[in-house]
Amino acid sequence: MKVVNLKQAILQAWKERWSDYQWAVNMKKFFPKGATWDILNLAEALLEQAMIGPSPNPLILSYLKYAISSQFDDFSRDLCVQALLDIMDMFCDRLSCHGKAEECIGLCRALLSALHWLLRCTAASAEFLREGLEAGAPAAGEKQLAMCLQRLEKTLSSTKNRALLHIAKLEEASSWTAIEHSLMKLGGILANLSNPQLRSQAEQCGTLIRSIPTMLSVHSEQLHKTGFPTVHAVVLLEGTMNLTGEIQPLVEQLMMVKRMQHIPTPLFVLEIWKACFVGLIESPEGTEELKWTAFTFLKIPQVLVKLKKYSHGDKDFTEDVNCAFEFLLKLTPLLDKADQRCNCDCTKFLLQECSKQGLLSEASVDSLENKRAADREHASQLKSSENGSIQPNPRLILRAEPTVTNILKTMDADHSKSPEGLLGVLGHMLSGKSLDLLLAAAAATGKLKSFARKFISLNEFTTHGSEETTKAASVRALLFDISFLMLCHVAQTYGSEVILSESSTGAEVPFFETWMQTCMPEEGKILNPDHPCFRPDSTKVESLVALLNNSSEMKLVQMKWHEACLSISAAILEILNAWENGVLAFESIQKITDNIKGKVCSLAVCAVAWLVAHVRMLGLDEREKSLQMIRQLAGPLYSENTLQFYNERVVIMSSILEHMCADVLQQTATQIKFPSTGVDTMPYWNLLPPKRPIKEVLTDIFAKVLEKGWVDSRSIHIFDTLLHMGGVYWFCNNLIKELLKETRKEHTLRAVELLYSIFCLDMQQVTLILLGHILPGLLTDSSKWHNLMDPPGTALAKLAVWCALSSYSSHKGQASSRQKKRHREDIEDYISLFPLDDMQPSKLMRLLSSNEEDANILSSPTDRSMNSSLSASQLHTVNMRDPLNRVLTNLFLLISSILGSRTAGPHTQFVQWFMEECVDCLEQGSRGSILQFMPFTTVSELVKVSAMSSPKVVLAITDLSLPLGRQVAAKAIAAL
């Protein structure tokens, strides 16, 4: 058929059937596949709107006229190109499709293809213009280039179009690569153009195209706030309770808070420093002060090094850290107070550490140091209070850090070759506050576990007594005693999990680990005094009783100290029984206790460990002799015939015994005078007021924290104690009730920031309670819906999302040491939320789908109807045996049913706030989002809510890594 006849046939068909836009579908068969075909795909969706008046739109007729007789890849045919650009002008900012999901995906692909054609057309027009300018004909190509850029701008300025292109990019990565190449080529051509307006227009279009892949990651930062109590509390919590924790989980938690609250980096770093200085000022004297110093000057610079990796560029982050210090220097009262407390220029030490880690340039350090020095000149109280003879803790901690490395190397040597040399090193560690300095430095730099393992190896080495001289026996006794005491001290100061080795099958468990797990009293751990561990070989017990009772002092040669430590509990029971039955007099008891503590303090520690467990089981009137025996063991022996470093060892022993006895003494209101070590060894003990209901204490402390606007270290310890006493459900439920009582918006927002940080005490368990019990209870009970009104409802939605995101991002990692040691009640068997039968793995899938019973349908997701409630998590095969995954699935099913129901109220508004917060906190490109638990059907329900009916929201709430997710998103966006 001749072209002319074909043209006449089409024009005739148009005139006869102009009201039926289906002609376009049939018409496509006349065109060769290529750019024209894709433009017709786009045109088809809007032909109905394009046909205005009693006759076909003349622009479309002119387009058809040229389309039939032209090949559109030949951009030199300017009339053809202009006709196509005219037709694009009609629909490029008004695309929509109400067809099937496959058709909507087709629309996305067509738009991507049209964009590619438009870019090539623009490049060709720019080339014609350049050639025209060179030939002295400036008008040639300028009109066409202006038209191309106008259509590009119009197409790309629509968020909806960019969202559709975003989906198309994920569908066809190769096509997107072609667009990027065209964009680069266009940039090169336009760079040589003299027309600034056209060049600027082209640059704007290029920026919009480049922004498409990251269109979800742009968030406006909070510039109106200067204080961020959540960051403050997270840092304080970590410094107060988790110095030994790994750096990475803290970094991730801080980054999560930064992202959720959109905090600018300089203010974020500033808040970390502020919290550190507050911690330094607040920390009780002694071990806690040293721990805070190590946290501030050793651990936090390491945290910032890791945070730097999340930054867009090293230079940017260095500038942000510098900016944070500039802000910090303006907080003169805070810095002055810290300097006074630490007896030095804290900022100077901090700047030097940051410089070492590459966080600040030398020029910045010099400038900041000079500014701080000038401020200190005006603070007369600093000059008068600083004592030159007292070494400041920051300097000592920074010196201790390399010493830890040296000691670790020394302890790697063969102990049998130079035990005296090793004893000299350990003896030096015991003097003054050296031990606590070294342990704090080791804890802050992640070396404490290694430190503990070395001491356990040493302790094991000393348990094997063989043929030896008296001198060798005394060295071995001292090495055993020092290593035992140090390990007890580490376990009490930093948690017993620091001591425990990774369980390896077949390996023999070291003596100290066995003793610590079965015999050592700890907070919240109840020991049975009749446990087999306290009942060793009877012959060894008898010989030990005889040794203690008859000898004037303990023999050292060939003494197996670990056996003596295991036998002492049974020996003490026999001695106690003999005393209570009048067989032994008090003088004999004194001689025995002197023998126990006279050479090695470890025996006294093991004896008191059993006595503490024993006292717990006795009535109040039966405890006197046991407590008296503890008193006898707690005091030092005043004798010249003691082994080396006795006074230093007794100081550590007293601290260990005080910790061990604290629970029992508190319960019985008994006083035991432990030798004073010069500091308050347990600053956070006995925090709760006596005879007061714990719910009152909880509401009172929360009210004080809310009024103050930040959580201090003491409050953290009180909250931790209350969480331990009341349990997770009680703790979480009562604090949520306090949040829902707030009626002022600024108070509710502050409450959310503070509650999130308080919940960090045990975020995993709190999240399970909040999302699995409290929220479903509020959402399904209409009598409670009034609690969900704004502002408390908005605040609760925000808090729930923050907790869910934090728990989901971290629950695959290890629990922090402070959470491991807490023996929690089982809050609920979460398997009951969705019962799973091992024989039927598809049972949950069927439960979450429509009402389809055929499991085969589930195995092929692409064949499923779009009405299915299948979620992305199922296609990613997320483990549904995990409690958090179950709770999230349950919550999103509930949300979906609320959105689909015909009853509106505060609960539906709450769901909207919850989803808005999910979108607001979204991390670009994260497949592990909690939104993957949302059924796909929820998307179509959500876009009916006016506040959620935006292309960006649809992209955010669907999992675009899945073909089904892209179909759902394309269908929802195309219908907007």
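The numbers attached to residues start from 1 for each chain and follow its sequence in the written order. It should be noted that, the model being predicted, local features are given only for residues of pLDDT at least 70 and side-chain atom pairs only at 80 or more, the latter also being counted only at that level, while totals for whole chains, interfaces and linings use all residues. With hydrogens and water excluded, all non-hydrogen atoms of the structure serve as input to the side-chain values.

K.L.:
Could you clarify how one ought to interpret the overall build of the protein in this entry?
P.N.:
A tally of regular secondary structure across the protein gives 46 helices and zero strands. Relative accessibility decides the category of a residue: with a 1.4 Å probe and only protein chains considered, values under 20% of the type maximum give buried, values over 50% give exposed, and everything between is partly exposed. Across the 976 residues in the protein, those meeting the buried criterion constitute 55%. Residues count as neighbours in contact if any of their non-hydrogen atoms are within 4.5 Å of one another. Intrachain contacts of the protein at a sequence separation of at least 6 include 77% that bridge at least 24 residues. Surface accessibility in these figures is a Shrake-Rupley result with a 1.4 Å probe; residues are shielded only by whichever protein chains are displayed. By element, 51% of the accessible surface of the protein is carried by carbon and sulfur atoms, the whole surface being about 42100 Å². A run of H or I in DSSP counts as a helix once it spans at least four residues, and a run of E counts as a strand once it spans at least two, with each numbered from the N terminus.

K.L.:
When you look at the environment of Glu153 in this model, what are you seeing that I'm missing?
P.N.:
Counting through the fold element by element, Glu153 comes out in helix H7 (residues 142-156). Residue classification places Glu153 among the partly exposed positions, given a relative accessible area of 26%. For the pair Glu153 and Gly206, spaced 53 residues apart in sequence, the C-alpha separation works out to 9.5 Å. When neighbours within four sequence positions are excluded, Glu153 is seen to be in contact with Gln201, Gln204 and Cys205.

K.L.:
Looking at this structure, how should I read the nonpolar core?
P.N.:
The tendency in soluble globular proteins is for nonpolar side chains to be buried side by side. Think of a nonpolar core as a cluster: buried Ala, Val, Leu, Ile, Met, Phe, Trp, Tyr and Cys residues, connected wherever their side-chain atoms sit within 4.5 Å. Within the largest apolar cluster, 310 residues are counted, with the highest numbers of intra-cluster contacts made by Trp515, Phe759 and Met915. Setting aside residues up to four positions removed in sequence, Trp515 forms contacts with Phe484, Cys488, Met520, Leu566, Val605, Cys606, Ala609 and Met660.

K.L.:
Explain the packing of helix H36 (residues 763-780) against helix H42 (residues 883-900) here, please?
P.N.:
In a packed pair of helices, the relevant descriptors are the angle between the two axes and the axis-to-axis distance. All axes here are fitted lines through C-alpha atoms, helices being fitted over the stretch that makes contact, and every angle between N-to-C directions spans 0 to 180 degrees. Across the interface, H36 lies against H42 with an axial gap of 10 Å and an inter-helix angle of 20°. Classed by the angle they form, the pair H36 and H42 counts as roughly parallel. At the point where H36 passes H42, the crossing takes the left-handed sense. Contact with H36, carried on its side by Gln764, Thr767, Leu768, Leu771, Gly772, Leu775, Pro776, Leu779 and Thr780, involves Pro883, Leu884, Val887, Leu888, Leu891, Leu894 and Ile898 of H42 and no other residues of that element. The classification used treats Ala, Val, Leu, Ile, Met, Phe, Trp, Tyr, Cys and Pro as nonpolar, Asp, Glu, Lys and Arg as charged, and all other residues, Gly among them, as polar. Of the residues in the contact of H36 with H42, the class split is 12 nonpolar, four polar and no charged. We call two directions roughly parallel when the angle between them is under 35 degrees, roughly antiparallel when it is over 145, roughly perpendicular when it lies between 65 and 115, and oblique otherwise. A crossing counts as left-handed when the near helix is turned anticlockwise from the far one by less than a right angle, and as right-handed when that turn is clockwise.

K.L.:
For this particular structure, what's the right way to read the pattern of salt bridges?
P.N.:
Close approach of charged atoms allows side chains of opposite charge to pair. Counted as salt bridges are all cases of a side-chain nitrogen of Lys or Arg within 4 Å of a carboxyl oxygen of Asp or Glu. Across all of its chains, the model carries 25 salt bridges by this definition. A salt bridge links Arg453 to Glu513; the nearest nitrogen and oxygen atoms lie 3.0 Å apart. Placement of Arg453 in helix H23 (residues 448-462) and of Glu513 in helix H25 (residues 511-519) is noted, with a sequence separation of 60 residues between them. Here Arg453 falls in the partly exposed class, since its relative accessible area comes to 24%. When the shortest N-O distance is used, the salt bridge between Asp481 and Arg649 registers 2.6 Å. Taken together, the positions of Asp481 in helix H24 (residues 470-494) and Arg649 in helix H31 (residues 646-668) put the pair 168 residues apart, joining distant regions of the chain. Side by side, Asp481 and Arg649 carry an identical accessibility label, which is buried. Taken together, the shared-partner salt bridges connect Asp336, Asp339, Asp345, Arg372 and Arg376 into one network.

K.L.:
I tried to follow the confidence of the model for the protein on my own but got confused; where do I start?
P.N.:
Atom-level detail of predicted coordinates should not be read off regions where pLDDT is low. What pLDDT reports is the predictor's confidence in each residue, on a scale of 0 through 100. For the protein, mean pLDDT is 77; residues scoring 70 or higher make up 77% of the total. Counted against residues more than four places away or in other chains, residues 1-11, with its pLDDT under 50, gives nine contacts. Counting interchain partners and residues more than four positions distant, the pLDDT-below-50 stretch residues 44-71 has 61 contacts.

K.L.:
Whenever I open this one, the packing of aromatic side chains confuses me. Can you help?
P.N.:
Each aromatic ring pair is specified by the distance between its two centres and by the angle formed by the two planes. In summary, the pairing rule links any two rings of Phe, Tyr or Trp, Trp by its six-membered ring, whose centres are within 6.5 Å, and it sorts them by plane angle into stacked for under 30 degrees, edge-to-face for over 60 and tilted for everything else. Applying the stated rule across the entire model yields 14 aromatic pairs. Pairing Phe484 with Trp515 gives two aromatic rings, centres 5.0 Å apart and planes at 55°, and the pair type is tilted. Remark: Trp515 occurs in helix H25 and Phe484 occurs in helix H24; sequence separation between them is 31 residues. When sorted by exposure, Phe484 lands in the same class as Trp515, which is buried.

K.L.:
It is not clear to me how unusual backbone geometry should be interpreted in this structure. Could you clarify?
P.N.:
For residues other than glycine, phi is negative in most cases, and the peptide bonds are mostly trans. The residue after Asp790, namely Pro791, is reached through a cis peptide bond having omega 10°. Positionally, Pro791 belongs in the loop between H36 and helix H37 (792-810). Of note in the backbone geometry, His262 takes a positive phi value of approximately 50° without being a glycine. As for its position among the elements, His262 is in the loop between helix H12 (247-261) and helix H13 (265-282).

K.L.:
I keep staring at helix H35 (residues 745-759) and nothing clicks. Help me out?
P.N.:
Residues lying three or four places apart along an α-helix face the same way, a consequence of the helix completing one turn every 3.6 residues. Taking 1.5 Å of rise per residue, the 15 residues of H35 would be expected to cover 21 Å, and the 21 Å separating its terminal C-alpha atoms lies within 8% of that figure. Restricting attention to buried positions, one finds in H35 the residues Thr748, Ala751, Val752, Glu753, Leu754, Leu755, Tyr756, Ser757, Ile758 and Phe759. Expected helix span is given by 1.5 Å per residue-to-residue step, counting one fewer step than there are residues.

K.L.:
Hey, could you run me through the state of the cysteines in this one?
P.N.:
Each disulfide consists of a covalent bond between the sulfur atoms of two cysteine residues. To count as a disulfide, a pair of cysteine sulfur atoms needs to be within 2.5 Å. The final tally for this structure, using the stated rule, is zero disulfides. Lacking any disulfide linkage, Cys760 is separated from the closest cysteine sulfur, that of Cys803, by 7.8 Å. Cys760 gets classed as buried once you look at its relative accessible area, which sits at 2%.

K.L.:
Please explain the environment of Leu149 as it appears in this structure.
P.N.:
Here Leu149 lies in helix H7. Residue classification places Leu149 among the buried positions, given a relative accessible area of 0%. The spacing of Leu149 and Leu198 is 49 residues in sequence and 7.7 Å in space, taken between C-alpha atoms. Those residues in contact with Leu149 that sit more than four places away from it in its chain are Thr122, Leu198, Gln201, Ala202 and Cys205.

K.L.:
Looking at this model, I keep getting lost on the environment of Leu398. Mind explaining?
P.N.:
By the secondary structure assignment, Leu398 is in helix H20 (residues 393-411). Taking C-alpha positions, Leu398 is 9.3 Å from Thr293, a pair spaced 105 residues apart along the chain. In this view, Leu398 contacts Phe297, Leu298, Phe349 and Glu353; residues no more than four positions away in its chain are not counted.

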